[in-house]
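# Observations on the three-dimensional arrangement
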Amino acid sequence: MWKPLTRLLATISIMVLASMAVCQATAQTAPTELRVATRVLPPMVVGQQGALSGFSIELWNEISQRLQLKTTYQVAPDVASLLTMVRGANANLGIAAISITSAREAEFEFSHPIMNAGLQIMVSGAGKSGESSPLKDVLSLLFSWTSLAWLGIAALLILVPAHIVWWYERNHESGMIPTRDYIPGIFYALYWAAGTLATQADSAPKHWIGRIVAVLWMFTGVVFVALYTAQLAATLTVQQIASGINGPDDLAGKRVATTRGSTAATVVRQLGGQVVEVRAIDEAYAALGRKTVEAVVFDSPVLLYYAANEGKGRVTIVGSPFRKEDYGIVFPRGSELRNRVNVTLLRMREDGAYQRIYDKWFAAK
Ligand code: GLU
């Protein structure tokens, strides 16, 4: 009599257990509360007083809202740690300014690109245009300390032949100096000495001692002009070298700041640059400000944002992005979330939500 009842109870309990197991399995593959690894990199991720915003954050908030997923953000100090969090299943996915590379694609899975970006160079100073126009170069050379020093030496040197020539010429009846008095006589002699130094003499001494001095002085003039020209050329070259990062090929041997574990660090090393690795990109900006590095190489959207805001007038972006990269959302291998995120991302492109968020952070103001 009890047998059918026991059987029924057994069947019910098996069904309950089975459904619980199914629920648990579903919960494991598709959690509704996600841990999302990110890192602060304005304007992709902006962290202000503990609250996160920025392009990537708003994009993810919209995706997760549409997928009815809750998010807890976990902020990593650099991209390498961010990837470690995703690798070690400490995060369900990562979103910031993560470049899709072959090495990362081999280890992780990426969403469709969330943005096209690339690497760019930033140097300190108000800009190349303000730094090295030929007119500015010439003027700064003319009024430089070097020129002043050479002028001083010339003025002192002139005194010697001028006095000798004045002494002998003033007594010569058809001499170069029309007066016997020191003033204005010495001015005639000084003018002649200055002219001869620059190899432009318009008169010659008549006394034989004056003529010997004139010949020696002309030789001195040739040597003086040659030395001065060499010095000017050297100064100009140094000036040009000093402001000389005009593209990626100029990075070899230069101290370049960028973030630890970034694609930029790899590329700068390949180009022969001396990489100074920092964690927060702000430290790279500070190093450039202090001139402890000669350039910052980093993601173009991040650099352009800094140059247009905080760094305005203090930094210059050199050329256009020299290495194209796309940003993606990174998932561990086999994540069942990726497909749903991709579908939502494409829908957001189609219905204009993506563009709205993009314009908010990147439209020219
Ligand atoms: N796009 C860079 C990368 O993925 C970002 C580096 C960083 O977050 O510091 O390597």
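Values in this document were obtained by computation on a predicted structure and should not be read as measured data.

### Focus on the nonpolar core
- By size, the foremost hydrophobic cluster in this structure holds 70 residues, and its most contacted members are Leu 59, Trp 60, Ile 63 and Ile 329.
- Sort the elements by how many residues they give to this core and strand 7 (residues 115-124) lands first, with 6 residues.
- Among residues more than four places away in sequence, those in contact with Trp 60 are Leu 34, Val 36, Thr 71, Tyr 73, Leu 93, Ile 95, Ile 329 and Val 341.
- Counting residues in each nonpolar core, the second largest holds 17 residues, with Ile 158, Val 165, Leu 197 and Trp 217 among its members.

### As for unusual backbone geometry
- In this chain, Pro 42 is followed by Pro 43 through a cis amide linkage whose omega measures 5°.
- Checked against the element boundaries, Pro 43 lands in the loop between strand 1 (33-38) and strand 2 (46-48).
- The linkage connecting Ile 183 with the following residue, Pro 184, adopts the cis geometry, with an omega of 10°.
- Tracing the backbone through its elements, the reader meets Pro 184 in helix 8 (residues 182-197).
- Despite not being glycine, Gln 49 has its phi angle at roughly 45°, a positive value.

### Here we look at a nonpolar patch on the surface
- A surface patch of nonpolar side chains, about 560 Å² in accessible area, is lined by Leu 135, Val 138, Leu 139, Leu 142 and Phe 143.
- Within the secondary structure, Phe 143 sits in the loop between helix 6 (134-142) and helix 7 (145-169).

### Focus: the environment of Thr 235
- Within the secondary structure layout, Thr 235 lies in helix 9 (residues 208-242).
- For Thr 235, a relative accessible area of 18% puts it in the buried group.
- Note: C-alpha distance between Thr 235 and Thr 146 (89 residues apart in sequence) is 8.6 Å.
- The contact partners of Thr 235, leaving out residues within four places of it in the chain, are Leu 141 and Thr 146.

### Side note on the site of the ligand
- Taken together, 13 residues are adjacent to the ligand, and Arg 39, Ala 97, Ser 99, Thr 259 and Asp 299 come closest.
- In this structure, an oxygen atom belonging to the ligand sits 2.6 Å away from a side-chain N or O atom of Thr 259.
- A distance of 2.5 Å separates a nitrogen atom of the ligand from a polar side-chain atom of Asp 299.
- Applying the majority rule of atoms within 2 Å of the grid points places the ligand in the largest cavity.
- Taken together, the residues that form the shell around the ligand break down as 6 nonpolar, 4 polar and 3 charged.

### Section: the side chain of Thr 258
- Note that Thr 258 resides in strand 8 (residues 255-259).
- At a separation of 2.7 Å, a polar atom in the side chain of Thr 258 contacts the main-chain carbonyl oxygen of Val 297.
- Not counting residues up to four positions away in its chain, the partners in contact with Thr 258 are Ala 264, Ala 265, Val 275, Val 276, Glu 277, Val 278, Val 297 and Phe 298.

### Focus on the sheet that holds strand 10 (residues 295-299)
- A sheet is described by the order of its strands in space; here 5 strands give the open sequence 9-8-10-7-11, paired in mixed fashion. What marks the edges here is a single partner per strand, and that holds for strand 9 (274-278) and strand 11 (315-327). Along the sheet, successive strands turn relative to each other by an average axial angle of 25°, direction set aside.
- Where strand 7 lies against strand 10, 4 bridges are found, and the strand directions are antiparallel. In the strand pairing of strand 10, Leu 119 is matched with Asp 299.

### Some words on the confidence of the model for the protein chain
- On average, residues of the protein chain carry a pLDDT of 88, and 88% of them reach 70 or more.
- Below pLDDT 50 for its whole length, residues 21-28 participates in 0 contacts with residues either more than four positions away or in separate chains.

### Remarks on the packing of aromatic side chains
- Across all of its chains, the model carries 10 aromatic pairs by this definition.
- Where Phe 55 meets Tyr 354, the ring centres are 5.8 Å apart and the plane angle is 85°; that geometry is what we call edge-to-face. With Phe 55 in helix 2 (residues 55-66) and Tyr 354 in helix 14 (residues 353-362), this residue pair connects regions lying 299 residues apart in the sequence.
- Its relative accessible area of 0% is what places Phe 55 among the buried residues.
- Measuring from centroid to centroid gives 5.6 Å for Phe 55 and Phe 362, while their planes differ by 65°, and the two rings are edge-to-face. Residue Phe 55 is located in helix 2, and its partner Phe 362 is located in helix 14; the two are separated by 307 residues in the primary sequence.
- For Phe 362, a relative accessible area of 22% gives the class partly exposed.
- Within the aromatic cluster, the residues linked to one another by ring pairs are Phe 55, Tyr 354, Tyr 358 and Phe 362.

### So, the layout of surface pockets
- Approximately 300 Å³ is the volume attributed to the second largest pocket.
- Along its surface, the second largest pocket is lined by 19 residues, and Val 40, Pro 42, Ile 281, Asp 282 and Glu 310 are the ones closest to its centre.
- When its residues are assigned to classes, the lining of the second largest pocket shows 12 nonpolar, 3 polar and 4 charged.

### Some remarks on the pattern of salt bridges
- Enumeration over the complete set of coordinates arrives at 10 salt bridges.
- A salt bridge links Arg 260 to Asp 78, with the shortest nitrogen-to-oxygen separation between them at 2.8 Å. A residue pair is termed long-range when its members are at least 10 positions apart, and Arg 260 in the loop between strand 8 and helix 10 (263-270) and Asp 78 in the loop between strand 4 (70-75) and helix 3 (79-87) qualify at 182 residues.
- Residue Glu 277 is joined to Arg 269 by a salt bridge in which the shortest nitrogen-to-oxygen separation is 3.2 Å.
- Because the salt bridges share partners, they merge into one network encompassing Glu 62, Arg 66 and Asp 351.

Conventions and cut-offs
Residues numbered from 1 in each chain as written. Predicted model: local features only at pLDDT ≥ 70, side-chain atom pairs only at ≥ 80, totals over all residues. Heavy atoms only, no water. Core = buried A, V, L, I, M, F, W, Y, C linked by side-chain atoms within 4.5 Å. Buried < 20%, exposed > 50% of the residue type's maximum accessible area, 1.4 Å probe, protein only. Helix = DSSP H or I, 4+ residues; strand = E, 2+ residues; numbered from the N terminus. Contact = heavy atoms within 4.5 Å. Patch = residues over 30% accessible without salt bridge, like charges linked within 9 Å, V, L, I, M, F, W, Y side chains within 5 Å. Areas by Shrake-Rupley, 256 points an atom, 1.4 Å probe, with all protein chains shown as cover. Salt bridge = Lys/Arg side-chain N within 4 Å of Asp/Glu carboxyl O. Near = heavy atom within 4 Å. Polar contact = N/O pair within 3.5 Å; in protein donor to acceptor, adjacent residues only side chain to side chain. 1 Å grid on protein atoms, 1.4 Å probe; cavity = no way out; pocket = protein on both sides within 12 Å on 5 of 7 lines; lining within 4 Å. Sits in = over half its atoms within 2 Å of the grid points. Nonpolar A, V, L, I, M, F, W, Y, C, P; charged D, E, K, R; others polar. Pairing = 2+ DSSP bridges. Axes fitted to C-alpha atoms, helices over the stretch in contact; angles between N-to-C directions. pLDDT = per-residue confidence, 0-100. Phe/Tyr/Trp six-rings, centres within 6.5 Å; stacked < 30°, edge-to-face > 60°. Points joined across faces, edges and corners; volume = space filled by probe spheres on them.

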